[in-house]
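Here's the letter readout for the chains.
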Amino acid sequence: DVKVTQSSRYLVKRTGEKVFLECVQDMDHENMFWYRQDPGLGLRLIYFSYDVKMKEKGDIPEGYSVSREKKERFSLILESASTNQTSMYLCATNRRAPGTEAFFGQGTRLTVV
Amino acid sequence: AQSVSQHNHHVILSEAASLELGCNYSYGGTVNLFWYVQYPGQHLQLLLKYFSGDPLVKGIKGFEAEFIKSKFSFNLRKPSVQWSDTAEYFCAVNLYNTDKLIFGTGTRLQVFP
């Protein structure tokens, strides 16, 4: 079974703090994704990566950056957290081939106060 | 920009009723199409997918979806819903020549006994 592990289930941070969300997968998948999930807005793609050190912006990259130094680990960074970044963050991974299934982590519920 | 539309935001049904959830995408090229489900408190998981071949796709738990290329649609159906189908359902599109996976806004389904 594919395992996608997000480092924290719940996180509370203060406005202006630098926040790191970590995601680790154990299936040697090339692609990794970060989404945020908000009620009524569905899943919105923040960034994705198709290889080590490679990244592409998704639909809402502003205020976020990412890092992929190793194939199994994909980090989402909030450079200066703001209250409008309070959300559920989901990591996903899949093989780099057409039509392959994406596997999701349990999510990190981030609250910025 | 490519997008995925789910017009039904919240659907309420009684057990044994039939279900159809709409999904439309805006991309003229080759696509792979997916339906994911998120049961309360659980991570997203794949319900079914269309990659190629027969446009009528069968998934887990009695769900099916039909890809109609001329209508850019991939509607999800189930002839008779159960209380355990209560969940949020997401349509997703993977553009064939990219790694990008785009989700719709989701449909919350509530099934009452």
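Below: a short report on this structure. This structure is a prediction, so every number in the text was calculated from the model and none was measured.

Side note on the overall build of chain A
Counting its regular elements, chain A contains zero helices and eleven strands. The linear arrangement of helices and strands in chain A, starting from the amino end, is β-β-β-β-β-β-β-β-β-β-β. The C-alpha radius of gyration of chain A comes to 13 Å, within 12% of the 13 Å expected for a compact globule of 113 residues. When its C-alpha atoms are laid out on the principal axes, chain A stretches across 40 × 30 × 25 Å. A total of 113 residues make up chain A; the buried ones form 50% of that total. Within chain A, contacts between residues separated by at least 24 positions form 55% of all contacts whose residues are at least 6 apart in sequence. Summing over all exposed atoms, chain A offers an accessible surface of approximately 5500 Å²; the carbon and sulfur share of this is 48%. Within chain A, the 15 negative side-chain charges are centred at a point lying 4 Å from the centre of the 17 positive side-chain charges.

Section: the state of the cysteines
Summed over the entire model, instances satisfying the criterion amount to two disulfides over all chains. Two residues, Cys23(A) and Cys91(A), share a disulfide whose sulfurs are 1.9 Å apart. Residues Cys23(A) and Cys91(A) are joined by a disulfide whose S-S torsion is about -75 degrees; by sign, that bridge is left-handed. Within this pair, whereas Cys23(A) is found in strand β3 (residues 19-25), its partner Cys91(A) is found in strand β9 (residues 87-94), the two being separated by 68 residues in sequence. Cys23(A) gets classed as buried once you look at its relative accessible area, which sits at 0%. In this model, Cys23(B) is linked to Cys91(B) through a disulfide, with the two sulfur atoms separated by 1.9 Å. Looking down the S-S bond of the Cys23(B) and Cys91(B) bridge, the torsion is -65 degrees, so its handedness is left-handed. One end of the pair, Cys23(B), is in the loop between β3 (19-21) and β4 (24-25); the other, Cys91(B), is in strand β10 (residues 87-95), and 68 residues separate them in sequence.

A few points about the interface of chain B and chain A
Across the contact, 21 residues belong to chain B and 23 residues belong to chain A. Here chain B packs against chain A, burying approximately 1800 Å² in sum over the two surfaces, 53% of which is carbon and sulfur. On the chain B side of the interface with chain A, the three residues burying the most area are Asp99(B), Lys100(B) and Leu101(B), jointly 32% of the side's total. Summed over the shared surface of chain B and chain A, the number is two salt bridges. Residue Arg96(A) is joined to Asp99(B) by a salt bridge in which the shortest nitrogen-to-oxygen separation is 2.9 Å. The interface formed by chain B and chain A holds nine residue pairs in polar contact (both at pLDDT 80 or more) in total. Listing elements by their share of the side of chain B that touches chain A, those giving two or more residues are β5 (31-38), β6 (45-50), β10 and β11 (101-103) of chain B. It is β5(B) that contributes the most residues to the side of chain B that touches chain A, four residues altogether. Counted by class, the side of chain B that touches chain A contains nine nonpolar, eight polar and four charged residues.

Considerations on the packing of aromatic side chains
For the coordinates displayed, the defined rule picks out twelve aromatic pairs over all chains. Their ring planes at 25 degrees and their centres at 6.0 Å tell us that Phe33(A) and Tyr35(A) sit as a pair that is stacked. You'll find Phe33(A) and Tyr35(A) in the same group, each marked buried. Seen from their ring centres, Tyr35(A) and Phe104(A) are 6.2 Å apart, and the 40 degrees between their planes marks the pair as tilted. A residue pair is termed long-range when its members are at least 10 positions apart, and Tyr35(A) in strand β4 (residues 31-38) and Phe104(A) in strand β10 (residues 103-104) qualify at 69 residues. For the pair shown, Tyr35(A) and Phe104(A) are each scored as buried. Grouping aromatic residues by their ring pairs yields a cluster made of Phe33(A), Tyr35(A), Phe48(A), Phe104(A), Phe34(B), Tyr36(B) and Phe103(B).

The rules behind each value
- Residues numbered from 1 in each chain as written.
- Chains lettered and ligands numbered in written order.
- Predicted model: local features only at pLDDT ≥ 70, side-chain atom pairs only at ≥ 80, totals over all residues.
- Heavy atoms only, no water.
- Helix = DSSP H or I, 4+ residues; strand = E, 2+ residues; numbered from the N terminus.
- Rg over C-alpha atoms; globule rule 2.2 N^0.38 Å.
- Buried < 20%, exposed > 50% of the residue type's maximum accessible area, 1.4 Å probe, protein only.
- Contact = heavy atoms within 4.5 Å.
- Areas by Shrake-Rupley, 256 points an atom, 1.4 Å probe, with all protein chains shown as cover.
- Lys, Arg positive; Asp, Glu negative; His and termini not counted.
- Charge placed at Lys NZ, Arg CZ, Asp CG, Glu CD.
- Disulfide = S-S within 2.5 Å.
- Buried area = accessible area lost by both parts, 1.4 Å probe.
- Salt bridge = Lys/Arg side-chain N within 4 Å of Asp/Glu carboxyl O.
- Polar contact = N/O pair within 3.5 Å; in protein donor to acceptor, adjacent residues only side chain to side chain.
- Nonpolar A, V, L, I, M, F, W, Y, C, P; charged D, E, K, R; others polar.
- Phe/Tyr/Trp six-rings, centres within 6.5 Å; stacked < 30°, edge-to-face > 60°.

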